[in-house]
Amino acid sequence: MSDTVDNPFFARLWTVMSTHETDAIRKLRRENLAGLSGRVLEVGAGTGTNFEFYPDTVSEVVAVEPERRLAEQAQRAAVGARVPVTVSTDTVEHFAAAGSEPFDAVVCSLVLCSIDDSDTVLRQLLSLLRPGGQLRYLEHVASDGGRGRLQRIADATVWPRLFGNCHTHRHTEQSIVGAGFEVEGARREWTMPRWVPLPVAEFAIGRAVKPSLVQ
Ligand SMILES: C[S@@+](CC[C@H](N)C(=O)[O-])C[C@H]1O[C@@H](n2cnc3c(N)ncnc32)[C@H](O)[C@@H]1O
């Protein structure tokens, strides 16, 4: 189980990247959170980029962000949010192991790539939701063909070390179903032209629910 995340280089990099996002990414962030209500858990909030997009039907956001430099920025972003946001420096694994009142929704954006054992964490997230509660996700995912090969090379070399343990060739949609969620709506999106030779260009955005019969 991950106890801490301490990544000064990535924290600096993400501070710059998260404040220079394209309109396409910001639009997807807004879409990922549209229509949410009640109590929400956000996993690995980074600098708190999502906070401004929560609709005011959300009563509370509990955000976990274990990298303390990023958590400090998320705490500042929380002050300006339209909805109440609290930021904890727990890893999601620790937060889930400690137990909590059930959530109406869990939000994952650009984070399931960075967690050591995302299959286990997704099962933990299922257990933190009320029956019928939703997982909203916006994640870059494994591609086919040449880009898939590029992703495997990137993952085996410098990419995870440079980008805060990010793994580009994850079959995240399969992991979500494997954890016991039912996908209600999902699609793939390209956030840059397909000819750009970057391993993180293809995203999955979707909503998945905890089946009502699962406790
Ligand atoms: C690429 S950033 C994305 C941040 C944010 N979700 C967003 O959409 O901008 C990945 C984040 O996951 C966090 N993270 C990594 N491992 C984690 C863990 N075990 N538990 C919770 N957060 C984690 C990192 O500290 C980092 O802030």
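Note that the structure is a prediction, hence the values are computed from the model and not measured.

Cut-offs applied
- Residues numbered from 1 in each chain as written.
- Predicted model: local features only at pLDDT ≥ 70, side-chain atom pairs only at ≥ 80, totals over all residues.
- Heavy atoms only, no water.
- Patch = residues over 30% accessible without salt bridge, like charges linked within 9 Å, V, L, I, M, F, W, Y side chains within 5 Å.
- Areas by Shrake-Rupley, 256 points an atom, 1.4 Å probe, with all protein chains shown as cover.
- Salt bridge = Lys/Arg side-chain N within 4 Å of Asp/Glu carboxyl O.
- Helix = DSSP H or I, 4+ residues; strand = E, 2+ residues; numbered from the N terminus.
- Buried < 20%, exposed > 50% of the residue type's maximum accessible area, 1.4 Å probe, protein only.
- Near = heavy atom within 4 Å.
- Polar contact = N/O pair within 3.5 Å; in protein donor to acceptor, adjacent residues only side chain to side chain.
- Nonpolar A, V, L, I, M, F, W, Y, C, P; charged D, E, K, R; others polar.
- Expected span 1.5 Å × (residues − 1).
- Arc of directions from axis to C-beta.
- Contact = heavy atoms within 4.5 Å.

A. Quick look at a nonpolar patch on the surface. On the surface, a nonpolar cluster with roughly 260 Å² of combined accessible area is contributed by Phe9, Val158 and Leu162. Among the secondary structure elements, leucine 162 is positioned in helix H7 (residues 159-162). For leucine 162, a relative accessible area of 36% puts it in the partly exposed group.

B. Quick peek at the site of the ligand. Of all residues adjacent to the ligand, which total 19 residues, the nearest are Arg29, Gly44, Glu65, Glu93 and Ser109. Within the contact set of the ligand, a nitrogen atom lies 2.7 Å away from a backbone nitrogen or oxygen of glycine 44. Here a nitrogen atom of the ligand and a side-chain polar atom of glutamate 93 are 2.8 Å apart. Burial of the ligand by the protein amounts to 96% of the accessible area it has alone, namely 590 Å². Elements represented by at least two residues in the shell around the ligand include exactly helix H1 (8-17) and helix H4 (92-98). Partitioned by chemical class, the residues of the shell around the ligand number 10 nonpolar, five polar and four charged.

C. A look at helix H3 (residues 68-79). The end-to-end C-alpha separation of H3 is 17 Å, in line with the 16 Å expected for 12 residues at 1.5 Å each. Within the span of H3, buried status applies to Leu70, Ala71, Ala74 and Ala78. Take H3 and look down its axis: the buried residues cluster within an arc of 100 degrees, on one side only. Of the residues in H3, the exposed ones pointing more than 90 degrees away from the buried face are Arg76 and Val79. Packed against the buried residues of H3 are H1 and strand S3 (85-88).

D. Structural detail: unusual backbone geometry. With a phi close to 55 degrees, leucine 110 is a non-glycine residue in the positive phi region. Counting through the fold element by element, leucine 110 comes out in the loop between strand S4 (103-109) and helix H5 (118-128). What makes leucine 110 buried here is its relative accessible area of 19%. Non-glycine residue asparagine 165 carries a positive phi angle of around 70 degrees. On the secondary structure map, asparagine 165 appears in the loop between H7 and helix H8 (172-178). On the basis of relative accessibility, which here comes to 25%, the residue asparagine 165 falls in the partly exposed class.

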